[in-house]
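Summary of the model geometry
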Amino acid sequence: MPTIDGIVLLRVLTRLLRWAVGGSLALGALAGVAVIYVLQVYGRDLPDYRQLANYAPAIVSRLHAGDGRLLVEYAQEKRVLVPISAMPRNLTEAFISAEDKNFYHHFGIDPISILGASVSNVGRLMRGNTRFLGASTITQQVAKNFLLTNERTLPRKIKEAILSLRIERTYGKDKILELYLNEIYLGRGSYGVAAAALNYFDKSLTELTLAEAAFLAGLPQAPSRYDPVGNAAAARARRDYVIDRMEIDGKIDAASAAEARAQPIEVRRRGATEFVSADYFADEARRRLVAAFGEDVLYRGGLSVRTTLDARIQAITDKALRDGLSAYDRSQGWRGALGRIDLAEAGDAWPETLAKLDLGFSLGGWRRAIVLETAAAGVRLGFDDGTEATMSAEAMAWAGQPREILSVGDIVVVEPATGAEGSVSYSLRQEPEVEGAVVALDPHTGRVFALTGGFSFQRSSFNRATQAKRQPGSSFKPFVYLAALEHGYTPSSIVLDAPLVIDQGPGLPLWRPDNYTTRFYGPTTLRVGVERSRNVMTVRLAQELGMERVVDVARRFGIAGGLGTNLAAALGSNEVDLLSLTAAYGELVNGGKRIEPTLFDRLQDRFGRTIAIGEQRATCPSCQVAAYDGGQPPALPDPRAQIEDPRIAYQMVNILTGVVERGTGRAAAGLGVPMGGKTGTSNDVKDAWFVGFTPDLVLGVFVGYDQPRPMGDHQGGATLAAPIFVEAMEGILKDTKPVPFRVPPGVQLVRVDAETGGLPNADTQSVILEAFLPGTQPARNAVTAARPSDSEGYGSASSRRAGSRPAVSSGGLY
């Protein structure tokens, strides 16, 4: 059986012999020998043209929010792949007329066109014109674009011709044309005709007019030369040439051609796509996708990714974080204007100058402004759109007097606020130096609803929610107390809060941990120890348990990184990222089930096939019924690992609700919904945390400088992180109905005195429902804690001998 090259050779020789009939047989034979030689020499070691059958061009990958709106696109070449059957006839015929009028009649190369181009090129050369005409067919362009380089050499042209012959013998004309129209570059970052239709005319292929299709067909020769913006005359001439060719080839009639030529080329900007703003979330998703699939798949593979992002929650948490960081930063004083514009030099062009100014951070809801006039009562501002407004002295009182802190020409940022009657007022703001992060997730599935890793992604892409490892301080304490509950303690168990001296070993000073108040409170229940964030009793409890048990709990909950067995670690001297700590609290809320924080719900490839899903669920064969007969529905399989007794997990959740109701998290009590949480502050107030939760949502907040430094006296998780949590939760929970925490089987709820842990009596001031395992609830005559008082301690710092300050960092404060 003859080979493909052999068959092609016979066809070429046949045509050469036909030409030789009217000329020299010797020349025809010589040409045939030349063809045989060329095929033998250049036909070896060519690229495998059969790979075109599996054509997979670079296609844009898209990430979508949970509601389907676009989050971000990743691409090396922005291309939309369209089958030939979906392309309008006018478009395909325009390209054929412009590039290869004999496409459906030649066998890969077009000898007639080659001969005509050769004659023309001889004439051009004689006239000194070295810009030669080409005679490449569409098939040859496919061979070059897919399989060869762009070098302009004779060997490459010969290889291109041979590959074209082979491609024509293997694939149909429609397939070759489809490859060509999807691959070709047409300017403005447009790869393929579909992307070009969007970028030039903001239309789909089926919406293109004949004139627009002809314009696109004229671009392959030189996209930049025929761009209508800046080269309108050349673009129109090239388009009209294509229309003329279509008319000559009989593809359109004279009337249609005349109508098309009469139309102007109207380039339209592509309509703005509605993007969801979540830079830190999107970048974290990108890192995870690259780690899982590689950069080539992300930037060329055409992935369609449905993320877990809740756009509403993300917007709320973004604003809450910015508000909280800005509020703390204002308390540190005014640092001056962001820059200055010489109004005398700028003249009336100051709005344009202001608009071009790169502030180095995203404005969010703020506006950039220039000071046009100062007065004792306030300042007159100008904005980059040319409008003006006034800002009162009261709105900048935190910074100082208007004339003392601002001058004409100063560049500032202001925050607008809309009044009850629609009036807008402005308040002075400044870019905060302090940073922070917020994470919101579903405690049952680990789906991350929102993730913000800093004040501005434009300022810093470092993600403080996932990449920063910081000391959690007292937000780690619940896991110390969880270890106690695992080993027989109850929420009403008594631990002595009294001076404690720790021998750290040879050569090391003694360590005397302090409470934040520098007081001690005597026998105290576990509940109160967590609610009031008592340091000393936490260390004493860890000493009684053994830090190995605490480390075991932390390891199961995924927050044991850098955690040692030294007792200071009980106060949160280890390091953890916010996402991991928030997920650990989620595992308490969901009854002790392991969750893996996920940013993805579903990943699909370019063909729409699902290649990964975020939440793995076991199948439920017994659920495959049309209807239930009145009995109990089947229990759904739960593949999550059980890392904690659900009863003990609930005991800790119940204790943490007391932190909000009576303890260091009281700032969140005003939200009026069932809620728990814990503050955290590292030593010297370098890290501030608040992780709080409802039955179906966990939200973690971190605040701190990138280069850790103290944030000031009387600061901490309760004053820095908790207000951000409260603002975010208030927005998230608006118009929702409160849901109670779910009590697992095997838990007994007993009314006890919230302070002493004993059964209530006539002197009880606060009664709560405490969670006990069966048989561990207090008896009427049980020994209980003395009623503590924050104003009078069991022992004060002043009652201790001189030189008793802690020798090492105590880790958590409150």
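In short, a report on the structure. Every residue gets a number counted from 1 within its own chain, in the order that chain's sequence is written. The predicted nature of this model means local features are confined to residues of pLDDT at least 70 and side-chain atom pairs, given and counted, to a pLDDT of 80 or more, with totals for whole chains, interfaces and linings taken over all residues. Each side-chain value is worked out from all heavy atoms of the structure, with water and hydrogens disregarded.

1. Concerning the sheet that holds strand β19 (residues 697–704)
Two strands make a pair as long as DSSP finds a minimum of two bridges between them. Starting at the N terminus, helices and strands are each numbered in turn, a helix being any DSSP run of H or I of at least four residues and a strand any DSSP run of E of at least two. What the five strands build is an open sheet, ordered β11-β10-β19-β18-β17; its pairing is antiparallel. In this open sheet, the two edge strands, each paired with only one partner strand, are β11 (448–452) and β17 (676–681). Mean inter-strand twist for the sheet, computed between neighbouring axes without regard to direction, equals 5°. Two strands pair when backbone bridges link them, and strand β18 (residues 688–694) and β19 are joined in this way by seven bridges, in the antiparallel orientation. Helix axes use the C-alpha atoms of the stretch in contact, all axes being lines fitted to C-alpha atoms, and the angles between their N-to-C directions lie in the range 0 to 180 degrees.

2. Focus on the packing of helix α8 (residues 193–201) against helix α9 (residues 210–217)
Packing of α8 against α9 leaves a shortest axis separation of 11 Å and a crossing angle of 115°. Seen from above, α8 lies across α9 with right-handed handedness. Only E212, F215 and L216 of α9 make contact with α8, whose side of the interface consists of V193, A196, A197, Y200 and F201. Put simply, a crossing is left-handed when the front helix is turned counterclockwise from the back one by less than a right angle, and right-handed when it is turned clockwise. Residue contacts are defined here by distance: any two heavy atoms, one from each residue, within 4.5 Å place the two residues in contact.

3. Describing the side chain of T679
When you line up the elements, T679 lands in strand β17. Burial here depends on accessible area, computed with a 1.4 Å probe over protein chains only, as a share of the maximum for the residue type. Under 20% is buried, over 50% is exposed, and the range in between is partly exposed. Classification of T679 by relative accessible area gives buried; the value is 0%. Any pair of nitrogen or oxygen atoms within 3.5 Å is treated as a polar contact; in protein, a donor-acceptor pairing is required on top of that, and neighbouring residues in sequence qualify only through side-chain atoms on both sides. Within the local environment of T679, its side chain forms a polar contact with the side chain of T664, the two groups lying 2.8 Å apart.

4. With respect to the packing of aromatic side chains
Note on aromatic pairs: the rings of Phe, Tyr and Trp (six-membered ring only in Trp) are paired at centre separations within 6.5 Å, and the planes decide the class, stacked below 30 degrees, edge-to-face beyond 60, tilted for the rest. Evaluation of the coordinates by the stated rule reveals 19 aromatic pairs. Here the aromatic rings of F103 and Y104 are separated by 5.0 Å at their centres, their planes lie at 80°, and the arrangement is edge-to-face. On the accessibility criterion, Y104 (40% relative accessible area) is partly exposed. Their ring planes at 55° and their centres at 5.0 Å tell us that W689 and F702 sit as a pair that is tilted. Taken together, the residues span a long stretch of sequence, with W689 in strand β18 and F702 in strand β19 at a distance of 13 residues. Take W689 and F702: they sit in the same class, and that class is buried. By definition here, charges over rings are those cases where NZ of Lys or CZ of Arg is within 6 Å of the ring centre and within 35 degrees of the ring normal. Against the face of F103 rests K173, its NZ or CZ located 4.7 Å from the ring centre. The residue whose ring lies beneath R709 is Y705, and the NZ or CZ to ring-centre distance is 3.6 Å.

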